[in-house]
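Observations on the model geometry
Listed below are the residues making up each chain.
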Amino acid sequence: MKKKWTALAAGTMLSAMVLAACGGDDGGSAGGDGEGGGNSEGLDTRIVTIATGGASGPYNIIGTTLASEYSDAYGVNSKPQTTGASVENINLIKEGKVEMAFVMSDVLTEAVDGTGNFSEPVDQVQQIAALYPNFVQIVTTADSGIETVDDLKGKRVAVGDQNSGVEVNARNLLEGHGITYDDIEVDYLGYAEAADGLRSGQIDAAFLTSGLPNSSVLELSKSLNLSMVSVDPAKVEEIAEEQPYFISMEIPADTYGNEEAVPTAAIMNALVVSAELSEDDVYKLTQEFFDSLESLENSHQAASDISLEGAQEGMVAPVHPGAQKYYDEQ
């Protein structure tokens, strides 16, 4: 019996030595040489938390799918984190509390320049890709009498969560029309809360800036006679002279039962990452992001506007070296 146990132990030790030799001295963690995407077994980091936005918004829906893809591909602990969106997301990266985030380009521009919501440039944030346009959706009821942005004066208006990307572009768009918060009654409400406020008559109009369709607006359109407030394209061009991230676009007909397309302003979204992540990790995260586009599109229609070509246009922040390496190889 003793001889059999000794032989078994020796065999076990030999197997362990062989496995150790094959696995290297890093326990099988990522790193590799970076060629062809580096070591496909995993990442240097073991956590990839993705800061998104409100639970019902496209950021969170797409981010949830992306986190699942990262977990499956690399065995990391990846999960979405619901937040107040863009400003909070950038601060979370700055503080090292998340690894990746969805943000609007207007807020990202402020972060890079150290203006607006940021007292100094945020060097910890780098960009992976430009994503899809966020449409400024100013929603009201058909009997409110509100047809243009100027009609918002004196009304009670939801402008998004305080310091969110929605609130930043709402404030800038209003100011471009000569309207300040002193001219309206401001409510800081996220998507779901704004929809509830319209449904109950507590507010007259709401800014819900997101990809199309916004699930809160879509749900609201089934029970309320909605009207979308138009934004004059000429005015958008004028505002864009000072705020170049604004572009003129249209909310297509029948998005929310609207018979005609509604002209409005739009802002590109951005996928950003912590500058502290390694080049190899961000290369892999970028690669998996584009490999997962079909899954992202299935989770939310807005992701259908993401493309490899478009992702490299309209970037407003420094590109992470790992993402740049991926683009250079395409």
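Note that this is a predicted model, so its numbers are computed, not measured. (Residues numbered from 1 in each chain as written. Predicted model: local features only at pLDDT ≥ 70, side-chain atom pairs only at ≥ 80, totals over all residues. Heavy atoms only, no water.)

1. Quick look at the pattern of salt bridges
Applying the stated rule across the entire model yields seven salt bridges. A salt bridge links Glu219 to Lys222; its shortest N-O distance comes to 3.9 Å. Relative accessible area serves as the criterion here: at 65%, Lys222 is assigned to the exposed category. (Salt bridge = Lys/Arg side-chain N within 4 Å of Asp/Glu carboxyl O. Buried < 20%, exposed > 50% of the residue type's maximum accessible area, 1.4 Å probe, protein only.)

2. Looking at the packing of aromatic side chains
Taken as a whole and assessed by the stated rule, the structure comprises eight aromatic pairs. Taken together, a centroid distance of 6.4 Å and an interplanar angle of 70 degrees make the contact between Tyr181 and Tyr188 edge-to-face. For Tyr188, a relative accessible area of 35% gives the class partly exposed. Ring centres 6.0 Å apart and planes at 65 degrees place the aromatic pair Tyr326 and Tyr327 in the edge-to-face group. Exposure class is identical for Tyr326 and Tyr327. Each is buried. Within the aromatic cluster, the residues linked to one another by ring pairs are Tyr283, Phe289, Phe290, Tyr326 and Tyr327. (Phe/Tyr/Trp six-rings, centres within 6.5 Å; stacked < 30°, edge-to-face > 60°.)

3. Looking at the packing of helix α4 (residues 105-113) against helix α5 (residues 165-176)
Contact geometry of α4 with α5 gives a least axis separation of 8 Å together with a crossing angle of 90 degrees. It follows from the interaxial angle that α4 and α5 lie roughly perpendicular. For the pair formed by α4 and α5, the contact residues are Asp106, Val107 and Glu110 on the first element and Gly165, Val168 and Asn169 on the second. Partitioned by chemical class, the residues of the contact of α4 with α5 number two nonpolar, two polar and two charged. (Axes fitted to C-alpha atoms, helices over the stretch in contact; angles between N-to-C directions. Helix = DSSP H or I, 4+ residues; strand = E, 2+ residues; numbered from the N terminus. Parallel < 35°, antiparallel > 145°, perpendicular 65-115°, else oblique. Contact = heavy atoms within 4.5 Å. Nonpolar A, V, L, I, M, F, W, Y, C, P; charged D, E, K, R; others polar.)

4. Let's talk about the confidence of the model for the protein chain
In this model, the protein chain carries an average pLDDT of 88, and 88% of its residues clear a pLDDT of 70 or more. Low confidence marks residues 1-40, where pLDDT is under 50. Its contacts with residues over four positions away, or in another chain, come to 29 contacts. (pLDDT = per-residue confidence, 0-100.)

5. Points about helix α9 (residues 279-291)
In a regular helix each residue adds 1.5 Å, so 13 residues correspond to 18 Å; α9 covers 18 Å between its end C-alpha atoms and thus fits that length. Of all 13 residues making up α9, 10 are buried, and the element is well covered by its neighbours. Those residues of α9 that fall on the buried side of the exposure criterion are Asp280, Asp281, Val282, Tyr283, Lys284, Leu285, Thr286, Glu288, Phe289 and Phe290. (Expected span 1.5 Å × (residues − 1).)

6. Some remarks on the sheet that holds strand β5 (residues 138-141)
Read across the open sheet, the five strands follow the order β7-β6-β8-β5-β9; overall the sheet is mixed. Strands at the two margins of the open sheet, each flanked by one partner only, are β7 (185-187) and β9 (226-229). Adjacent strand axes in the sheet meet at a mean angle of 30 degrees, parallel and antiparallel pairs treated alike. Note: strand β6 (residues 156-158) against β7, three bridges, orientation parallel. For Ala158, the partnering residue across the bridge sits in β7 and is Asp187. (Pairing = 2+ DSSP bridges.)

7. Section: α4
In an α-helix, one turn spans 3.6 residues; hence positions three or four apart end up facing the same way. All of the buried residues in α4 are Ser105, Asp106, Val107, Leu108, Glu110 and Ala111. Tucked inside the fold, the buried residues of α4 contact α3 (86-94), β3 (100-104), β4 (125-135), α5 and β11 (262-274). Of the residues flanking the end of α4, it is Gly114, one or two places downstream, whose phi is positive at about 70 degrees.

8. Re the nonpolar core
Membership of the largest hydrophobic core comes to 77 residues, with the highest contact counts inside it found for Tyr70, Leu152, Phe207, Phe246 and Phe289. With residues near it in sequence (within four places) discarded, Tyr70 still touches Val48, Ile50, Gly75, Val76, Ser78, Met100, Leu285, Glu288 and Phe289. In this structure, Val87, Leu108, Ala111 and Ala270 belong to the second largest nonpolar core, which totals 18 residues. (Core = buried A, V, L, I, M, F, W, Y, C linked by side-chain atoms within 4.5 Å.)

9. Details of the pairing of β4
Counting buried positions along β4 gives 11 out of 11 residues, so the element sits mostly inside the fold. Summarising the sheet, β4 and β11 pair through eight bridges and their orientation is antiparallel. Note on β11: the bridge partner recorded for Gln127 is Val272.

10. Here's the deal with the side chain of Ser292
Mapping Ser292 onto the fold places it in the loop between α9 and α10 (293-299). Here the side chain of Ser292 touches Glu69 through a polar contact of 3.4 Å, side chain to side chain. (Polar contact = N/O pair within 3.5 Å; in protein donor to acceptor, adjacent residues only side chain to side chain.)

11. A word on the packing of helix α2 (residues 58-74) against α9
Packing of α2 against α9 brings their axes to within 10 Å, and their N-to-C directions diverge by 120 degrees. As for how α2 packs across α9, the hand of that crossing is right-handed. Contact residues: Leu66, Glu69, Tyr70, Ala73 and Tyr74 in α2; Lys284, Leu285, Gln287, Glu288 and Phe289 in α9. Grouping the amino acids of the contact of α2 with α9 by side-chain chemistry returns six nonpolar, one polar and three charged. (Left-handed = near helix turned anticlockwise from the far one by under 90°.)

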